[in-house]
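Listed here are the chains, written in short residue letters.
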Amino acid sequence: MTAAGARGGRREQIDGLRVIAMTGVLYVHYWNEHPTLESVRVSLFFIVSGFLIGVILLSAKDSGATVKVANFYIRRALRLLPALFLMLAVAALFNMDRIRESLPWHLFQMSSLYFAMNASWKPWIVANLWSLNIVEQFYLAAPLIILLLTRRQICVAYCIIFAISAIARTYHDQLGLSAWSSIVFAFDPVAAGVILAMAKDNIDVRAVLTSKLNNLASVAIIASPFLIGFEFGRSEGYRLLCIYALSSIVLSSYIGYRGVSARLLANPLTRFLSRVSYATYVYHLVLWWLVAEQWPMFYEKGPLTFLVMSAVTVLVATVSWHVMERHFDALKAWFPVTPQAPRAGEPAPAVAHLIKPAAPVAGNVASVPASPTPATATAVSRVPEREPRAYHSA
């Protein structure tokens with residue numbers, strides 16, 4: 001049975017959630033530095049990442065087949081590193097915001113630690129990398145945790161990760177930690193994504209999380225700052241409630257909404273934007289620097305900057321996908337995480353070259369099958385010296 005949210009092996013409604021998270025990033029960075037729902041875009045990005053990787057690794061584990069951990073890392077690298085390294089190369093070429101002084105930190109995916117240690121978002125043109133670092137660090141550990149432990153142990157491990165991160169962020173003052181530690185201890189929504197991936201096959205849990213009543217309650221939780229107040233929307237309590245609410249929405253999207261929700265999350269526009277969302281996220285601050293250094297008016301946040309810079313960023317991301325990224329992405333077919341079963345009527349790839357096609361029988365014109373081939377916190381409204389003073393990015 002095909003899920004309502006699936007198409008061609010993809011869960012398109014999850015792609016729609018990616019687009020929402022990406023739009024939230026562009027909105028905050030180009031238009032409104034203090035959005036009421038600040039926690040939503042960051043947590044959504046993390047939960048989706050944890051959930052999808054959890055589903056992939058748990059499915060591989062449950063299949064009983066040999067899991068090629070090295071291939072998992074190679075596939076992640078092929079998807080993430082080309083656009084990232086291109087962006088860093090351009091930033092270093094122009095020495096944007098003196099990035100050369102800290103370039104090794106960003107190359108080795110330690111931007112979040114660098115920003116926390118220096119209590120500053122400089123260089124601001126790579127401030128968005130802190131959240132990408134969280135996901136990449138999760139990718140490094142996830143195969144080891146999920147493939148080596150039992151399901152019960154996996155659940156305990158990610159519950160501990162969730163608790164440590166939530167406590168460190170909520171009580172950083174009492175623990176003697178800097179407020180900047182919040183960008184280092186940000187694994188709770190990612191851990192929630194993995195826990196959700198484990199819970200999705202439990203019929204009772206799935207029935208509760210995907211029910212209409214629970215979805216309405218989740219929307220009410222997300223929208224609650226509009227009623228309770230702006231400060232509640234910036235609290236750790238609200239952020240933790242959002243993790244639950246967004247987890248329900250992520251699972252419901254994975255199973256598949258129907259009706260209007262399905263059409264809003266899965267349509268040609270969201271399919272296109274989801275495809276280029278990663279490059280949009282990686283490039284958008286560097287592109288802001290390139291454009292605003294020529295036309296300083298675009299350093300002023302607002303609807304004009306949002307519309308122009310979003311259009312420019314999506315255009316460049318589209319070119320990047322077609323010219324560069326898709327070619328690296330296609331190489332992932334050579335690095336399956338689990339062995340691929342041969343298609344019906346075909347020999348296994350390992351012995352295909354040893355098998356010669358039988359001579360056709362008279363009157364039988366059926367052709368012989370061919371052998372298989374490998375197939376996102378804060379920025380300021382006015383910018384002194386043509387740069388944002390502080391930056392918080394997803």
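This one's a predicted model, so the numbers in the text were calculated from it and none came from an experiment.

(A) How the structure looks around the overall build of the protein chain. Secondary structure summary: the protein chain contains 18 helices and 2 strands in total. A buried classification covers 48% of the 394 residues belonging to the protein chain. For the protein chain, the accessible surface area stands at approximately 19400 Å², while carbon and sulfur atoms represent 67% of it.

(B) Inspection of the packing of aromatic side chains at higher detail. Counted by the stated rule, this structure contains 20 aromatic pairs. Their ring planes at 80° and their centres at 5.9 Å tell us that Phe46 and Trp130 sit as a pair that is edge-to-face. Note that Phe46 is positioned in helix H2 (residues 38-63) and Trp130 in helix H6 (residues 129-148), a separation of 84 residues in sequence. As far as the burial class goes, Phe46 and Trp130 line up, both buried. Here a set of aromatic residues connected by ring pairs shows up, and it is made of Trp105, Tyr114, Phe115, Trp121 and Trp180. The ring of Tyr254 is capped by Arg11, whose NZ or CZ atom sits 4.0 Å from the centre of that ring. The ring centre of Tyr139 lies 5.4 Å from the NZ or CZ of Arg76, which sits over that ring.

(C) Representation of the pattern of salt bridges within the structure. Here the structure, examined in full by the defined rule, presents 12 salt bridges. The salt bridge involving Arg18 is made with Asp15; its shortest N-O contact spans 2.4 Å. With Arg18 and Asp15 both in helix H1 (residues 12-30), this residue pair falls 3 residues apart, about one helical turn. Residue classification places Arg18 among the partly exposed positions, given a relative accessible area of 27%. The partner of Arg79 in a salt bridge is Glu325, with the nearest N and O atoms 3.1 Å apart. Of the two residues, Arg79 sits in helix H3 (residues 69-93) while Glu325 sits in helix H17 (residues 303-330), which places them 246 residues apart along the sequence. A relative accessible area of 15% places Arg79 in the buried class. Exposure remark for Glu325: the relative accessible area of 4% places this residue in the buried category.

(D) Inspection of unusual backbone geometry at higher detail. In this structure, Pro123 follows Lys122 across a cis peptide bond, with omega equal to -5°. Relative to the assigned elements, Pro123 resides in the loop between helix H5 (111-118) and H6. Look at Asn95: it is not a glycine, yet its phi comes out positive at around 50°. Here Asn95 is to be found in the loop between H3 and helix H4 (103-107). Residue Arg98 is not a glycine yet carries a positive backbone phi of 55°. Take Arg98: it is sitting in the loop between H3 and H4. Given a relative accessible area of 55%, Arg98 falls into the exposed group.

(E) Representation of the side chain of Arg41 within the structure. Within the secondary structure, Arg41 is located in helix H2. Polar contacts involving the side chain of Arg41 include one to the side chain of Glu38, which spans 2.8 Å.

(F) Structural context of the packing of H1 against helix H16 (residues 277-294). Axis separation between H1 and H16 bottoms out at 10 Å; the angle between their running directions is 10°. Here H16 runs roughly parallel to H1, going by the angle between their axes. Counted together, Arg18, Met22, Val25, Leu26, His29 and Tyr30 of H1 and Ser277, Thr280, Tyr281, His284, Leu285 and Trp288 of H16 form the full contact between these two elements. For the contact of H1 with H16, the class distribution of residues is 7 nonpolar, 4 polar and 1 charged.

(G) Structural context of helix H15 (residues 268-275). Buried within H15 we find Thr270, Leu273 and Ser274. All buried residues of H15 fall inside an arc of 100° around its axis, so they share one side.

(H) Fine view of helix H8 (residues 188-199). Relative to the 16 Å expected for 12 residues at 1.5 Å per residue, H8 spans 16 Å between its end C-alpha atoms, a close match to the ideal helical length. Taken across its 12 residues, H8 has 10 buried, putting it largely inside the fold. Along H8, the positions that sit buried rather than exposed are Asp188, Pro189, Val190, Ala191, Ala192, Gly193, Val194, Leu196, Ala197 and Met198. Here the buried face of H8 lies against H2, H6, helix H7 (151-170), helix H9 (203-209) and helix H13 (236-255).

(I) Seen up close, the side chain of Ser39. Relative to the elements of secondary structure, Ser39 occurs in helix H2. Discounting residues that sit within four places of it in the chain, Ser39 has contacts with Gly233, Tyr238 and Arg239.

Conventions and cut-offs
- For every chain, the first residue of its written sequence is number 1, and the numbers climb from 1 along that sequence.
- Owing to the predicted nature of the model, reporting of local features is limited to residues with pLDDT of at least 70; listing and counting of side-chain atom pairs is limited to 80 or more, with chain, interface and lining totals taken over all residues.
- To obtain the side-chain values, all non-hydrogen atoms of the structure were used and water was disregarded.
- Helix numbers and strand numbers start at the N terminus; a helix is a DSSP run of H or I with at least 4 residues, a strand a run of E with at least 2.
- The buried label goes to any residue with under 20% of its type's maximum accessible area, the exposed label to any with over 50%, and the partly exposed label to all in between, with areas taken from a 1.4 Å probe on protein chains only.
- Each accessible area is a Shrake-Rupley estimate made with a 1.4 Å probe; only the visible protein chains count as cover when residues are assessed.
- Centres within 6.5 Å are what make two rings of Phe, Tyr or Trp a pair, Trp counting through its six-membered ring; a difference in plane orientation under 30 degrees is then read as stacked, over 60 as edge-to-face, and the rest as tilted.
- Placement of a positive charge over a ring is assigned whenever Lys NZ or Arg CZ falls within 6 Å of the ring centre and within 35 degrees of the normal to the ring plane.
- Should a side-chain nitrogen of Lys or Arg be within 4 Å of a carboxyl oxygen of Asp or Glu, the pair is scored as a salt bridge.
- Counting of polar contacts relies on pairs of N or O atoms within 3.5 Å, with two restrictions inside protein: one atom must be capable of donating a hydrogen and the other of accepting it, and residues adjacent in sequence are counted only when both atoms are side-chain atoms.
- Only C-alpha atoms enter the line fits that serve as axes; for helices the fit covers just the stretch in contact. Angles between N-to-C directions range over 0 to 180 degrees.
- Note that the term roughly parallel is reserved for angles under 35 degrees, roughly antiparallel for angles over 145, roughly perpendicular for angles of 65 to 115, and oblique for everything else.
- Throughout, a residue-residue contact means that at least one pair of heavy atoms, one from each residue, lies within 4.5 Å.
- Ten residues, namely Ala, Val, Leu, Ile, Met, Phe, Trp, Tyr, Cys and Pro, are considered nonpolar, four, namely Asp, Glu, Lys and Arg, are considered charged, and the remaining ones, Gly among them, are considered polar.
- Throughout, the arc means the angular range of directions from the helix axis out to the C-beta atoms.
- In this analysis, the expected span of each helix is defined as 1.5 Å times one less than the number of residues it contains.

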